[in-house]
Amino acid sequence: MDNSLPPADELVLVDRELAQLDARRSQLLARRAWLIRVLHAPAASAAFPPRPPVADSTPRGAQNVLLTLGGTLLTIAAIAFTLVSWGSMGIGGRAAVLSAVTAAALVAPVALLRRSLVSTAEAVAALGMVLMVLDAFALHRVALPETDGLGYAAVAAAVLTAAWTAYGSALSRLRVPLPVAVVAGQLPLPLGVLAAGGGSTAFAWAALLTAAADGAVVLWARPAPVRITAVTGAVALGGWALLTGGLLSLTSPWDGAPLLLAGAAVTLYLAWRRPSLAVAASAVAGLAAVTAVGGLLRAVVPADWAVPGYVLCGLAAASVWWLRAGTAGTTSASTPEAGTRPGGSTADTSGARLPAGVRLGLACAGAATAALGVVWALPPVAAGLLGPLARTTEVWSGEHAEHASAWYPGTAALVLAVTAAALASLPRLWARCGALALVWALLTALPVSLGLPFAATLALQLLTSAAALCIAVRPGPATRGLRTTAAPGGRSGAPGTDSGPGAPTPPVTAPSAAPSGPSADGPSAPPAGGPGAPWHGWAPVRPRTQAPVAAPGTVLGWSAYAGGLASAVSAVALSLDVRVATFLALGVVLGLCSAVAVLAADARRVVSACGAVLTATGLVFAVAAAGGFEDHWTALGLLLVPAATAALGARAPRPVALAIEITGGAVGLLALGIAASRPAFLALALALGGVIAAATAVRPERRRFAAWTAAALFLSATWVRLAVWDVTTPEAYTLPVTVPALVVGFLRRRRDPEASSWTAYGPGLAATLLPSLFAAWTDPEWVRPLVLGVAALVVTLLGARFRLQALLVLGGTVLALDGLHELAPYVVQAVGALPRWLPPALAGLLLLAVGATYEQRLRDARRLRDRVARMR
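Scope of this entry: the structure provided in the associated data block. (Residues numbered from 1 in each chain as written. Predicted model: local features only at pLDDT ≥ 70, side-chain atom pairs only at ≥ 80, totals over all residues. Heavy atoms only, no water.)

### Here we look at the packing of helix α24 (residues 640-649) against helix α25 (residues 654-675)
This is how the line gets drawn: The convention used is that axes are lines fitted to C-alpha atoms, helices contributing only their stretch in contact, and that angles between N-to-C directions extend from 0 to 180 degrees. Counting from the N terminus, the helices are DSSP H or I runs at least four residues long and the strands are E runs at least two residues long. In what follows, roughly perpendicular refers to angles from 65 to 115 degrees, roughly parallel to angles under 35, roughly antiparallel to angles over 145, and oblique to any angle outside these ranges. Two helices crossing with the near one rotated counterclockwise from the far one by less than a right angle form a left-handed crossing, whereas a clockwise rotation gives a right-handed crossing. Contacts are assigned to residue pairs that have any heavy atoms within 4.5 Å of one another.
At their nearest, the axes of α24 and α25 sit 8 Å apart, and the two run at 165° to each other. Relative to α25, the element α24 lies roughly antiparallel. With respect to the hand of their crossing, α24 and α25 are arranged in left-handed fashion. Of the residues in α25, those in contact with V641, P642, T645, L648 and G649 of α24 are A657, I660, E661, G664, V667 and G668.

### Topic: the pattern of salt bridges
To keep things clear, this is the line we draw: The rule for a salt bridge is simple: a side-chain nitrogen of Lys or Arg has to be within 4 Å of a carboxyl oxygen of Asp or Glu. Under the scheme applied here, a residue whose accessible area is under 20% of the maximum for its type counts as buried, over 50% as exposed, and between as partly exposed, the area being computed with a 1.4 Å probe on protein chains only.
With the rule as written, the count across this model stands at 8 salt bridges. Linking D602 and R604 is a salt bridge whose minimum nitrogen-to-oxygen distance equals 2.9 Å. Exposure remark for D602: the relative accessible area of 38% places this residue in the partly exposed category. In this structure, R702 and E661 form a salt bridge, with 2.6 Å as the shortest nitrogen-oxygen distance. Residue R702 is located in the loop between α26 (679-696) and α27 (703-724), and its partner E661 is located in helix α25; the two are separated by 41 residues in the primary sequence. The residues R702 and E661 share a single accessibility class, namely buried. One network of salt bridges, with partners in common, ties together E661, R699, E701 and R702.

### Concerning a nonpolar patch on the surface
Going by this rule: Each patch is built from residues lacking any salt bridge and having more than 30% relative accessible area; the joining distance is 9 Å for like charges and 5 Å for nonpolar side chains (Val, Leu, Ile, Met, Phe, Trp, Tyr). Surface exposure here means Shrake-Rupley accessible area, sampled with a 1.4 Å probe, where a residue is shielded only by the protein chains that are shown.
The grouping of W254, L261, V293, L297, V300, V301, W305 and L414 at the surface amounts to a nonpolar patch, some 720 Å² of accessible area in total. For the nonpolar patch, the elements supplying multiple residues, two or more each, are α11 (253-273) and α12 (278-300). No other element matches α12, which puts 3 residues into the nonpolar patch. Here L261 lies in helix α11. Judged by relative accessible area, which is 39%, L261 ranks as partly exposed.

### Quick word on the side chain of T369
Going by this rule: Definition of a polar contact: a pair of N or O atoms within 3.5 Å, with one able to donate and the other able to accept a hydrogen when the atoms are protein atoms, and with sequence-neighbouring residues admitted only if both atoms are side-chain atoms.
By secondary structure assignment, the location of T369 is in helix α14 (residues 356-376). A polar contact is formed between the side chain of T369 and the backbone oxygen of A365, at a distance of 3.0 Å. Once residues lying within four places of it in the same chain are set aside, the contact partners of T369 are L287, V290, Y310 and G314.

### A word on empty space enclosed by the protein
The criterion, for reference: Here a cavity denotes grid points, spaced 1 Å and computed from the protein atoms alone, that fit a 1.4 Å probe unable to get out, and a pocket denotes an open set having protein on both sides within 12 Å along at least 5 of 7 lines; residues with an atom within 4 Å of a point are the lining. Grid points are joined across faces, edges and corners, and a volume is the space filled by probe spheres set on the points. Three categories are distinguished: nonpolar for Ala, Val, Leu, Ile, Met, Phe, Trp, Tyr, Cys and Pro, charged for Asp, Glu, Lys and Arg, and polar for the others, with Gly belonging to the last.
Across all of its chains, the model carries 1 cavity of 30 Å³ or more by this definition. There is about 50 Å³ of room inside the largest cavity. G384, L385, L443, T444, L460, Q461, T464, S567 and S570 together form the lining of the largest cavity. Secondary-structure elements contributing two or more residues to the lining of the largest cavity are α15 (378-386), α17 (429-450), α18 (454-473) and α20 (552-575). For the lining of the largest cavity, the element with the most residues is α18, which contributes 3 residues. Split into classes, the residues belonging to the lining of the largest cavity amount to 3 nonpolar, 6 polar and no charged.

### Focus: the nonpolar core
Rules: The nonpolar core is taken to be a set of buried Ala, Val, Leu, Ile, Met, Phe, Trp, Tyr and Cys residues, with the residues joined through side-chain atoms within 4.5 Å.
Ranked by size, the top nonpolar core spans 25 residues in total, and within it A685 and L686 carry the most contacts. Elements with a minimum of two residues in this core: α22 (602-627), α23 (631-638), α25, α26 and α27. L686 has contacts with L672, L713, S716, A717 and V720, leaving out every residue within four places of it along the chain. Core analysis: the next-biggest nonpolar cluster, separate from the first, contains 23 residues, A363, V415, L423 and A435 among them.

### Overview of α12
Applied cut-off: The span you would expect from a helix comes to 1.5 Å times its residue count less one.
For α12, with 23 residues, the first-to-last C-alpha span of 33 Å sits near the 33 Å given by 1.5 Å per residue. Buried within α12 are the following residues: A278, A281, S282, A283, A285, G286, A288, V290, A292, G294 and G295. Elements in contact with the buried residues of α12: α10 (224-251), α11, α13 (306-318) and α14.

### Details of the environment of T165
Relative to the elements of secondary structure, T165 occurs in helix α6 (residues 149-170). The class for T165 is partly exposed, based on a relative accessible area of 34%. Expressed as a C-alpha distance, the spacing of T165 and P177, which sit 12 residues apart in the sequence, is 6.9 Å. If we skip the residues at most four places from it in the chain, T165 touches L178 and A181. Here T161 takes part through its backbone oxygen, which lies 2.6 Å from a polar atom of the side chain of T165.

### Let's talk about the packing of aromatic side chains
What counts here: Here is the rule: rings of Phe, Tyr and Trp (six-membered ring for Trp) pair when centre to centre is within 6.5 Å. Planes less than 30 degrees apart are stacked, more than 60 are edge-to-face, and the remainder are tilted. When the NZ atom of lysine or the CZ atom of arginine is within 6 Å of a ring's centre and also within 35 degrees of its normal, the charge is said to sit over that ring.
For the structure shown, the criterion picks out 6 aromatic pairs. Ring geometry for F203 and W240: centres 6.4 Å apart, planes at 90°, overall edge-to-face. With F203 in helix α9 (residues 200-220) and W240 in helix α10, this residue pair connects regions lying 37 residues apart in the sequence. Accessibility expressed as a relative area gives 49% for W240, which makes it partly exposed. A ring pair is formed by W376 and Y408, whose centres lie 5.4 Å apart and whose planes are at 40°; its orientation type is tilted. Of the two residues, W376 sits in helix α14 while Y408 sits in the loop between α15 and α16 (411-424), which places them 32 residues apart along the sequence. Stacked on the ring of W321, the Lys or Arg R359 has its end atom at 4.5 Å from the ring centre. Over the ring of F802 we find R801, and its NZ or CZ is 5.2 Å from the ring centre.

Below you can see the structure in the form of structure tokens.
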């Protein structure tokens, strides 16, 4: 059987196979070339092959640009034709041209939309609307030239608004006509009022009505551009109307109140129907209503009662928060927490359902009004608190300065009282803190507002301080009634730490049926969602760390404590007018601070202990001033304070002991400064201070510091006493002390080689070297400096030989200062003889040398420091 093909068919088959081989060869050659480029190209270019060039603009963007430019050019041409070439044509030609062009521009989008040319249709429709405006302008210039311009513009705007609304509704795929119609709709009523000669009130009403129409568009229109345009117009015109109403409420309340109330009603309805705008719109409505009602009250009450009227209106608006939450038209049952009043009573709120956003906005508006009222009532508080500090009379003169804010309305106290009562009714921690602060402010402002006499003012301030400090120590009654929220993990959280009034309990999420971690049978299946999902299934669950929340008692305690301290300082400053009052106030404040230091906790007891020490210091000054003591006797009396703090520090807790001892030490330094004018009494004061420090050194925890302090004070007292006696040879008094001290130190070092050289030899060497150094600096002879220098050199060499730090440091310091004193005259003389340019040049060379060898010098300094530190 012969299977060979005919020659013609076989030729076709061969040609086909060869073509396939050529195509495959081309593919392999292209692949080979790419592999060579990959192997010999940089790694970055191989990993990231070049991307194709990105076009600068998309076809859609280019089309929009071209259409915009074309429409703009046509609009410019139409305006130029209407304004410039209008007079060269007859009435028929003018009407025919404009009508034909306008009709063509308005009809053309219909055909363009059928061909899905939306962008082109938008551009042509925009041109047609511009031509309609030009038609209206042309009609006024030709047919109605005597018509009032504003009135014609109002009517034309209304007609154009209706026409564009119908046009946009008919061609719903066009996005331009309806927003433009909303913009045109802002003009008819305001322009009509201006054309009718209406005043600012009528214009505000027209703006408000237009804003109400914009609100209706926002509620019922669907396209987003239309709603955005309407919101912008409503904010602009409605804001103008409300601002005008606010100004009218100050000058003509009966004209401004209806405008404000109408605006509040419109805004509140918008907030009710649009949850996304509920908070902002209801806040504006609340402010408008408060302004309106407050303005009416201001018109019928005395001037001093105007601000309390506004505050009462604001509190009434804020009370809306306690109405039952809900939405319009809902009949759902109220939650257990809804309608609950502070204190546990339940309000009758049947039928009163307000969305949460509306309640929040109204509450914010009322709270802002009340806050402004509180700010208005603060000047009497500042005068009552800071007035005694700005003293204009002599101490104990018996004269009392008048309060700077005595002219301020007395109703400021009423504002503080009402606001404090409103905050106290809220079971929230922030509200309770605010109420506490306002009660303190009320008690501080009462003497100014009521014009109380000096004795009553002082008594009230002391009572205020006592009450505040009592709350700071025992804040339990102040926290009563605060709402408690459940903390994570089922624990009961601190009261008053929930998110806000009426905050619902967070829902409990049911546990998933499938375990999320490994089970007894094996690891659970990882959740779907990506390559990283298995890791989430195996990863350990970390507990969430929550920020620590301060206890309500602590927060309220600190708030009351700050007020109590401020009132105490003000009372003491006020009591300086009368001597008996000063002693009374200082005694009361001392007792209060001492009680708080004993009964309080945390840092309040430390601060109170320091305050008690300072108050005792004030008592000492008062006793000295009453007894007519001189300053140096007063200084000796002040030493009783550090003596008392040293005695109390032995029994007080550690933080309190350290604080009162530091404060007592500061008072002791003040006593030394006062006694410095009389050297003999300064020496006595230094010696008494040394006795106090030595007694403190008995305590193990204060032994090191107190012992050194006592030694320094005794040594200083000795030097001062020698100076008082005009002793010119201090060595006669210091050497008999130095020699036994060095012997005792030597024996101590033999018995305990680890003892520090400062403890063994420091006091003995300092007792002679330092007084001799002071004497050498004032001695014109050369014998004492020479002997002192030799002695210091010997001490330094001994310290270097036996590696004793005290000898090396004291001897080297005294030697350097003694040598400087002796060489100073010659150095000054040599510097004066040198050229003036030489010292700066030498200083520059020195700096260059130090800079060039800085690292080496630094290493040498560190090495020297380490060697000295290793000495005993």
